[in-house]
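Spelled out from the first residue to the last, the chains are:
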Amino acid sequence: LQESFPGTHSNRQPLTTRGTSEPLNMVSPQIIWPLVRLDGSGRMCIELSVVAAAAFAAGMALWGIAQHLRCFVWPEMQKYYVRILAFIPISCLACTLSFLYPQAASTFELLNAAYEPVA
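Because the structure is predicted, anything quoted here is derived from the model rather than measured. (Residues numbered from 1 in each chain as written. Predicted model: local features only at pLDDT ≥ 70, side-chain atom pairs only at ≥ 80, totals over all residues. Heavy atoms only, no water.)

Draft legend 1. Representation of the packing of aromatic side chains in the model. One pass over the full model with this rule turns up one aromatic pair. Plain terms: the ring middles of Phe-87 and Tyr-115 are 6.1 Å apart, the flat faces sit at 15° to each other, and that makes the pair stacked. In this pair, Phe-87 sits in helix H3 (residues 75-100) while Tyr-115 sits in helix H4 (residues 105-115), placing the two residues 28 residues apart along the sequence. Using a relative accessible area of 17% as the deciding quantity, one classes Tyr-115 as buried. (Phe/Tyr/Trp six-rings, centres within 6.5 Å; stacked < 30°, edge-to-face > 60°. Helix = DSSP H or I, 4+ residues; strand = E, 2+ residues; numbered from the N terminus. Buried < 20%, exposed > 50% of the residue type's maximum accessible area, 1.4 Å probe, protein only.)

This is how it looks when you write it as structure tokens:
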């Protein structure tokens with residue numbers, strides 16, 4: 001049973017720019033190269049999606065932390081808000097690295113578990 005991920009069928013042609021035979025390169029190879037798998041399973045698209053979602057969530061959390069620190073008028077409560085919001089980028093980093101490098105997932109989850117009591 002063959003999965004229907006992009007790149008699994010050998011008869012498919014690569015995406016090209018309109019009117020040319022040059023392949024369509026949307027992201028520079030230096031960024032994608034660590035994520036490329038040569039088995040053709042379509043995992044690269046999944047990995048890029050995971051990295052993009054984690055970067056978005058971490059960015060939003062860091063923006064929230066910056067806003068709380070900029071308007072630090074109620075320190076007794078806001079220090080707890082900042083601690084909880086800081087858990088999001090740490091968790092995103094640990095989960096993304098666990099997904100990208102499953103052989104070291106327990107090591108990355110240790111980072112997540114170490115910060116959890118602090119938040």
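Having seen it, we continue.
Draft legend 2. Focus on the confidence of the model for the protein chain. Chain-level statistics for the protein chain give a pLDDT mean of 76 and a share of 64% at 70 or above. The lowest-confidence element of the protein chain is helix H1 (residues 29-32), averaging 48 in pLDDT; the highest-confidence one is H3, averaging 92. Low pLDDT (under 50) marks residues 1-5, which in the prediction has eight contacts with non-local residues, meaning those over four places away or in another chain. (pLDDT = per-residue confidence, 0-100. Contact = heavy atoms within 4.5 Å.)

Draft legend 3. Representation of the state of the cysteines within the structure. Counted according to the given criterion, the structure contains zero disulfides. The thiol of Cys-95 is not disulfide-bonded; the next cysteine sulfur, from Cys-92, is found 7.1 Å away. Overall, Cys-95 belongs to the partly exposed group, its relative accessible area being 40%. (Disulfide = S-S within 2.5 Å.)

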